[in-house]
Every structure is written in C-alpha cells, then in structure tokens.
Amino acid sequence: MGESCMNSIVWFRQDLRLCDNPALVHAASLGPIIPVFILEENSPGTHSFSGTAQAWWLHHSLQALSSDLPELRLFRGRPEEILSELAKKTGANAVFWNRRYEPVAIERDKKTKTLLCDHGIEVQSFAASLLAEPWTIKNGSGLPFKVFTPYWRSVRGRRFQPPLPRPDNLRIYNFPHDTRSSAPTPSRLEDWQLCPRNPDWAENWLDHWTPGEAGAFARLDHFINAGLRGYAALRDRPDRPNTSRLSAHLHFGEISPMQIAHVTAFASQTDPLLEEDAAKFMSEIGWREFAHHLHFHFPDLDKKNWKTTFDRYPWNKDDEALNAWKKGLTGYPIVDAGMRELWQTGFMHNRVRMVAASFLIKHLRIDWREGARWFLETLLDADLANNSAGWQWVAGSGADASPYFRIFNPTTQARKFDPEGTYIRKWCPELSDLDGASIHAPFEVPLDALARAGVVLGRTYPVPIVDHREARKSALDGYALVKDPAAGG
Ligand code: FAD
C-alpha cells in the first residue's frame, strides 16, 4: 500500500553513478527520491577519500554527478545524524545505499542501520561494487580463500548480475521552502575545499583524467578499442598505453565491475582473437575482488603482516632515504620515474608500483606501511584493500605473496619492461639524452659518455642511494630472521 508512493533517501557513497546502481533503481521504483552525499569526517576508515590526491578526484566526481543529478544534496558530518534528521524533516520512510566492504565501514553501516531502524525508518542495502561479495565465496572447506588462482576460478565461473539501466523518469522529492530551512543544512561543494592549493599540485590533472561516470565510460570505451588487444603481453610495459586506467573510476564506483565484465565479454564474443586479452584483463579485475575478499576476512590487512613471521623483520628507520624515495631521487631511474609519475599525475603504472615498492621494502628495508601511507596520500586510485594487498604482496608478508627472497633488480626490470627507456625519459627528463642502452643505469656509464648527455651524477641526477648488491645482501640477512628467529644470533 505505502509502496505505491514513498519518499526515500538514496545515500551515495562509493557508487557515484546513475547506471547499474541498484539502490537508486530500487528507490526510484517506489516514489520520489532524495539523493544525498555526505562528507564524513573524523571517522577513520570510513571517510570518502584516503588522501589529498583522492580528495581532488572526489571534488570532480561530485561535480560530474551533480550535473547529471542536479538535485543531489551535499552534507557534511555524521551520516547517522544527518540521515535520521533528514528523514524526519522530509517524511522519508526509507534509506537505501549500496554496500561498502572495508571492515570499519561495515561496522559504521551496521550502527547507522540500527539507529535509523530504531527511528522507524526502513533501511536496505545492495551489492553494487564487487562481482562477488566477500562472504559469498568459500573454498572446499568452507573457509575464505588465501590463494588467488582457485579464488578466481571460483568467482569467474559464476553468473554475474547483468548491469541495470539508468532509471528513467526519476521523480525527485521537492523540498518545501520552510522545510528546507529546518532540514540539516546542505553544503556547497566549493566550501569543502577538496582541491589542493598552495601549492596546487593537481593543476594539470584534468589533462590526464575525467572523473565522473561519463569519463569512466569514455575510458572503458577507449581501452576496449585501443588497449585491450595486446593487453596480456603489454600490460607490464609502462611505456605502452595498454592498461585501462580505470582504477580510480572503480574506486569511486563511477563504473561497476559488472559493467566492465559485460562490455569485455561482448568485445571478446564479437572478436574471438581478443579472448586471451579479455581473460587476462578480467583476472586483474579479479585481483581487486581478491584484495577485498582478503581485507574483509583479515580486517587488519592495512596494519598488520598477514604472515606474522614478518613481525620479526628488522626494518630501518631512515627518513632521509624515505624522502629520497618519495621525491624520486634514489638514483635508480625506473624507481625515480615511477615516483615522479605518481606525484605529477596521481597515478603509477602497476609494474612500476611493484618495482618502486620493492625498492623501498628490500633495498632500503623501510617498513611497507610507510610506503603504503605515501601511496594512500598521493594515488588517485588509493584504495585500502588494493593498496594493502599490493604492499603485502610485494613485501612477501601477504597471502599468496611474491616470495621475499625474490628481490627485483631495478635495472633489470627497467631494461625488460621499458626497453628503450621511453618511460624513464618522460619522467626523468634530465636523463633524456642518454641512449637506450645507458638510460636504465647511468651509474654504470663512463663519465665522458655521461658528460656528452649532459649528466653529472650527484649534480644533475643523484648517485644511487644504495648499492644494489649490498642492499640485496642486507635484505636477505633481514629475511633470515623472518625464517628463523635464532638467525640474528
Ligand atoms: P588495469 O591493468 O587496466 O587493470 C584493471 C583493473 O583491475 C584496475 O583498474 C584495478 O581496479 C584492478 N587491478 C589491476 N591490478 C590489480 C592489483 N594488482 N590489485 C588489485 N586490483 C588490481 N590499485 C588500486 O586500485 N588502488 C591502490 O591503492 C593500489 N595500490 C597498489 C600498491 C602496490 C604496491 C601495488 C603493487 C599495486 C597497487 N594497486 C592498487 C594495484 C594496481 O597497481 C592498480 O590497480 C593498477 O595499476 C591500476 O591501473 P589500471 O586501471 O590501468 O589497471
């Protein structure tokens, strides 16, 4: 009876899109909606962005959503208070949202739900940002998976829910003038000051990125047409445009993995030669799923070593080396190129993330949590689950991680994955006159050849802050303690 027309609040969170949005579709089917976004503060682990870079993305994403849905209301504060007050003032009898999966966010959502239900408000949440919710996938013993391959085999064999269309004929609740004044006070996006200033290091980011649902679709479309072919072979090459760069769009839910799966499957059905590339691409989406699965079942993934034997690792406390790494001044060109790409564009190619993270952990022996913190601050796609799983994978302390003793040689990695030095040349222009054979390791190049390329080590480009061989030995000595606590004597 009440279902024929009821006002309901749609709480947008990490689902900043109108297509394939189950909470929105459900609310729209019942009657007028009150769409809201709440900037949460002082609630560690639940707020809407991880760091300064991501705040910039959020600003632009909300701007895009507001232009598609001008009635979106912005609030700042505690969601449970704002939602219940808003429901009271508007007569809304329900609040709908799409689920988040970080353990802290789940706890907060549970409390919010209880409080709203106590006020007689219906609450319903929906699955919208993962192909498989973490609790729905179990191994043969009924336990969470710890290894990616069987995990993904189990997920990819499922039928994914088909993406929902954007609801047409959205009816929006009209705020009467007098109610508006007494409802919680809406905010103006500009007042949140989410974009960096003094210095505005995001100045050129709109040249690289188009936050929002339309930008996400344009990115997917471009990737399917121009990047997917060859993805399996070229995804490790930072000098090639063969990865999708969808990670930040996915983080903010401007596009769903169901939509990506749908479009990718269609492309490979249309052109069977794309099958292998499409399967590889989907398995990377699978790593995102796996990271959320791990984080859900191991809520401390961002704080503690998954393998507790790593608690014995003798980390170095070296602020000078940490700063050189952050600034891209280590003297290892592939590491420096990556760290500068990160600072200048809010992004770093996956292969280079692995090399740069490995360098911090193994060459400098600095705790992976220091690196993870810097990534959360500077990455546009910063994501607690993906980032923690990525760092623990590189450290060797994670589930299904790369073994610690496999230590990347940054020079060999650079020669293999950026063979002509195109990527290094772009981000370390001071090395750009070195030829393809020398650019990966200027410290191995004779002084006269360096001089001809205008490079003076220690002046125009740093001398390596550590020697690869010595660093490797010292990393392995540290690892001996992980394997055997008595090894340290
Ligand atoms: P594509 O190759 O096009 O992959 C498609 C999508 O799959 C990505 O957008 C992403 O959502 C997902 N994906 C791909 N690789 C991974 C992976 N290894 N783990 C989880 N998901 C993956 N990714 C983040 O989204 N946020 C992070 O904070 C983050 N931190 C990382 C930290 C480290 C140390 C490492 C090694 C990896 C991290 N990653 C993180 C994973 C990966 O580097 C990025 O997802 C990827 O580079 C994004 O580029 P893309 O969209 O072009 O990827």
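It should be noted that the structure appears before, not after, this text.
The paragraphs below set out a description of the structure included in this document. (Residues numbered from 1 in each chain as written. Predicted model: local features only at pLDDT ≥ 70, side-chain atom pairs only at ≥ 80, totals over all residues. Heavy atoms only, no water.)

## Topic: the sheet that holds strand S3 (residues 73-76)
Stated formally: For two strands to pair, DSSP has to find at least two bridges joining them. A run of H or I in DSSP counts as a helix once it spans at least four residues, and a run of E counts as a strand once it spans at least two, with each numbered from the N terminus. The convention used is that axes are lines fitted to C-alpha atoms, helices contributing only their stretch in contact, and that angles between N-to-C directions extend from 0 to 180 degrees. Residue contacts are counted whenever heavy atoms from the two residues lie within 4.5 Å of one another.
The strand order across the open sheet formed by five strands is S3-S2-S1-S4-S5, and the pairing between neighbours is parallel. In this open sheet, the two strands that pair with only one neighbour each are S3 and strand S5 (122-126). Put simply, the sheet's adjacent strands are angled 25 degrees from each other on average, direction ignored. Strand direction decides the pairing type here: strand S2 (residues 33-39) and S3, joined by four bridges, are parallel. Paired with Ile38 across the bridge in S3 is Phe75. The strands touched by helix H4 (residues 103-118) within the sheet are strand S1 (8-12), strand S4 (94-98) and S5, with S4 carrying the most contacts at an inclination of about 165 degrees.

## Concerning unusual backbone geometry
One non-glycine residue, Asn169, lies in positive phi territory at about 50 degrees. Among the secondary structure elements, Asn169 is positioned in the loop between helix H5 (148-156) and helix H6 (177-182). The backbone of Gln193 shows a phi angle near 50 degrees, a positive value even though the residue is not glycine.

## A closer look at the environment of Ser48
Here is the rule: Each residue's exposure class comes from its accessible area (1.4 Å probe, protein chains only) as a fraction of the maximum for that residue type: buried when under 20%, exposed when over 50%, partly exposed otherwise.
Along the chain, Ser48 turns up in the loop between S2 and helix H2 (52-68). The exposure class assigned to Ser48 is buried, which follows from its relative accessible area of 8%. With 204 residues separating them along the chain, Ser48 and Phe252 place their C-alpha atoms 8.7 Å apart. If sequence neighbours within four positions are ignored, Ser48 has contacts with Phe37, Ile38, Leu39, Glu40, Leu58 and Phe252.

## Some details on the site of the ligand
Keep this limit in mind: The nearness test applies per residue and asks whether one of its heavy atoms lies within 4 Å of the molecule or strand. Any N or O atom pair separated by 3.5 Å or less is treated as a polar contact, with the protein-specific requirement of one donor-capable and one acceptor-capable atom, and with residues adjacent in sequence counted only for side-chain atom pairs. The accessible surface values rely on the Shrake-Rupley method and a 1.4 Å probe; as for residues, cover is taken only from the protein chains in view.
Around the ligand lies a shell of 26 residues, among which Tyr231, Thr243, Ser244, Arg245 and Asn350 are the nearest. One of the backbone N or O atoms of Ser247 is found 3.1 Å from an oxygen atom in the ligand. Within the contact set of the ligand, an oxygen atom lies 2.7 Å away from a side-chain nitrogen or oxygen of Asn350. A total of 810 Å² of accessible area belongs to the ligand in isolation, and the protein chains cover 95% of it. Every element with two or more residues in the shell around the ligand is listed here: helix H10 (247-251), helix H12 (275-297), helix H15 (350-363) and helix H17 (384-395). If one sorts the elements of the shell around the ligand by residue count, H12 sits on top with five residues.

## Re the pairing of S4
This is how the line gets drawn: Think of it like this: strands point away, you trace from the first strand over the helix to the second, and a clockwise trace means the crossover is right-handed.
Among the five residues of S4, five are classified as buried, and the element is accordingly described as predominantly covered. The side-chain alternation of S4 yields two buried faces, one formed by Ala94, Phe96 and Asn98 and the other by Val95 and Trp97. In the sheet, S1 pairs with S4 via four bridges, with the strands oriented parallel. From the neighbouring strand, Ser8 faces S4, where its bridge partner is Ala94. Sheet topology note: the S4/S5 ladder contains five bridges and is parallel. Looking at S5, one finds that Phe96 is bridged to Gln124. In this fold, S4 hands off to H4, which returns the chain to S5; that crossover is right-handed.

## Digging into helix H3 (residues 79-90)
Using the following cut-off: To estimate how far a helix should extend, the number of its residues minus one is multiplied by 1.5 Å.
An ideal rise of 1.5 Å per residue puts 16 Å on 12 residues; H3 measures up with 16 Å between its terminal C-alpha atoms. If you check which residues of H3 are buried, you get Pro79, Glu80, Ile82, Leu83, Ser84, Leu86, Ala87 and Thr90. Two residues or fewer past H3, Gly91 is found with a positive phi of approximately 75 degrees.

## Here we look at H15
The first and last C-alpha atoms of H15 sit 19 Å apart over 14 residues, in line with the 20 Å expected at 1.5 Å per residue. One or two steps after H15, the chain reaches Arg365, where phi turns positive at roughly 55 degrees.

## Thoughts on the pattern of salt bridges
Spelled out, the test is: In what follows, salt bridge is the name for a side-chain nitrogen of Lys or Arg lying within 4 Å of a carboxyl oxygen of Asp or Glu.
Evaluation of the coordinates by the stated rule reveals 29 salt bridges. Residue Arg13 is joined to Asp109 by a salt bridge in which the shortest nitrogen-to-oxygen separation is 2.6 Å. In this pair, Arg13 sits in the loop between S1 and helix H1 (22-30) while Asp109 sits in helix H4, placing the two residues 96 residues apart along the sequence. Judged by its relative accessible area of 8%, Asp109 falls in the buried class. Taking the shortest distance from any N to any O, the salt bridge between Arg373 and Glu370 comes out at 3.7 Å. Residue Arg373 and its partner Glu370 are located together in helix H16 (residues 368-378), separated by three residues, close to a single helical turn. One continuous salt-bridge network, built from bridges that share partners, spans Arg235, Asp236, Lys280, Glu284 and Arg351.

## Remarks on the nonpolar core
This is how it is decided: What we call a nonpolar core is a set of buried Ala, Val, Leu, Ile, Met, Phe, Trp, Tyr and Cys residues that are connected through their side-chain atoms within 4.5 Å.
Residues Trp325, Val335, Met339, Phe375 and Trp391 are the most contacted members of the largest nonpolar core, which totals 51 residues. Counting only elements with at least two residues in this core, the list comes to helix H13 (319-327), helix H14 (333-345), H15, H16, H17, helix H19 (422-427) and helix H21 (468-483). For this core, the element with the highest residue contribution is H15, accounting for eight residues. The residues touching Trp391, leaving out its near neighbours within four places in the chain, are Trp325, Ala357, Leu360, Ile361, Trp368, Gly371, Ala372 and Phe375. Counting residues in hydrophobic clusters, the runner-up holds 36 residues, among them Phe37, Leu62, Leu69 and Ala248.

## A look at the packing of aromatic side chains
What counts is decided by this rule: In summary, the pairing rule links any two rings of Phe, Tyr or Trp, Trp by its six-membered ring, whose centres are within 6.5 Å, and it sorts them by plane angle into stacked for under 30 degrees, edge-to-face for over 60 and tilted for everything else.
Under the definition given, this model contains 34 aromatic pairs. Arranged with centres 6.0 Å apart and planes meeting at 10 degrees, the rings of Trp343 and Trp374 form a pair that is stacked. Placement of Trp343 in helix H14 and of Trp374 in helix H16 is noted, with a sequence separation of 31 residues between them. Taking relative accessible area as the criterion, Trp343 reaches 37% and is therefore assigned partly exposed. The exposure class of Trp374 is buried, given its relative accessible area of 17%. Where Tyr404 meets Tyr479, the ring centres are 4.8 Å apart and the plane angle is 15 degrees; that geometry is what we call stacked.

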